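Residue strings, one per chain:
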Amino acid sequence: MKTTFKEENTEFVMYFEGRLDTAAAPQTERDVQVLNECQGHDIVLDCTSLEYISSSGLRIFLAILKNAKPKGSKVFIRGLNDDLRQVFAMTGFTNLFEFK
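Below is a summary of the structure that appears in this document. (Residues numbered from 1 in each chain as written. Predicted model: local features only at pLDDT ≥ 70, side-chain atom pairs only at ≥ 80, totals over all residues. Heavy atoms only, no water.)

1. Considering the side chain of S73
Positionally, S73 belongs in the loop between α2 (55–68) and β4 (75–78). Reaching out from S73, the side chain makes a polar contact with the backbone oxygen of H41 at a distance of 2.6 Å. Setting aside chain neighbours within four positions, we find S73 in contact with C38, Q39, G40, H41, D42 and A68. (Helix = DSSP H or I, 4+ residues; strand = E, 2+ residues; numbered from the N terminus. Polar contact = N/O pair within 3.5 Å; in protein donor to acceptor, adjacent residues only side chain to side chain. Contact = heavy atoms within 4.5 Å.)

What follows is the structure in structure tokens.
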């Protein structure tokens, strides 16, 4: 699992590459801590190169959303493949997040 953080215009963008499973979750949680400073910036979680997400990964995405909302930031998800989109739909996450 690889994550890359970039500040693009007024957005914080986190790129996810590989499999976000239980084994990768602890390091990924540390990697996304930079998003906690999102005040004044919307967040984009780019999943274009994400192959798989487990419940641990979904929990990380939910924590990002819960941190951003009180700060007035929006969290967008982009680049979901069909399998990931199905996971998000089955878990109700499509109702929680905005998609690009």
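Having seen the model, we can carry on.
2. Looking at the pairing of strand β2 (residues 11–20)
Burial runs high along β2: 7 of the 10 residues are buried. Pairing analysis gives 7 bridges linking strand β1 (residues 2–8) to β2, with the strands arranged antiparallel. Each bridged residue has a counterpart across the sheet, and for E8 the counterpart in β2 is E11. Between β1 and β2, which pair antiparallel and follow one another directly, the connecting turn spans 2 residues, one of which, N9, has a positive phi of 55°. Bridge count for β2 against strand β3 (residues 42–53) is 9 bridges, and the pairing is parallel. Considered in β3, the bridge of V13 is made with V44. Assessed by its sense of winding, the connection that carries the chain from β2 through helix α1 (residues 25–31) to β3 is right-handed. (Buried < 20%, exposed > 50% of the residue type's maximum accessible area, 1.4 Å probe, protein only. Pairing = 2+ DSSP bridges. Right-handed = clockwise from strand over helix to strand, strands pointing away.)

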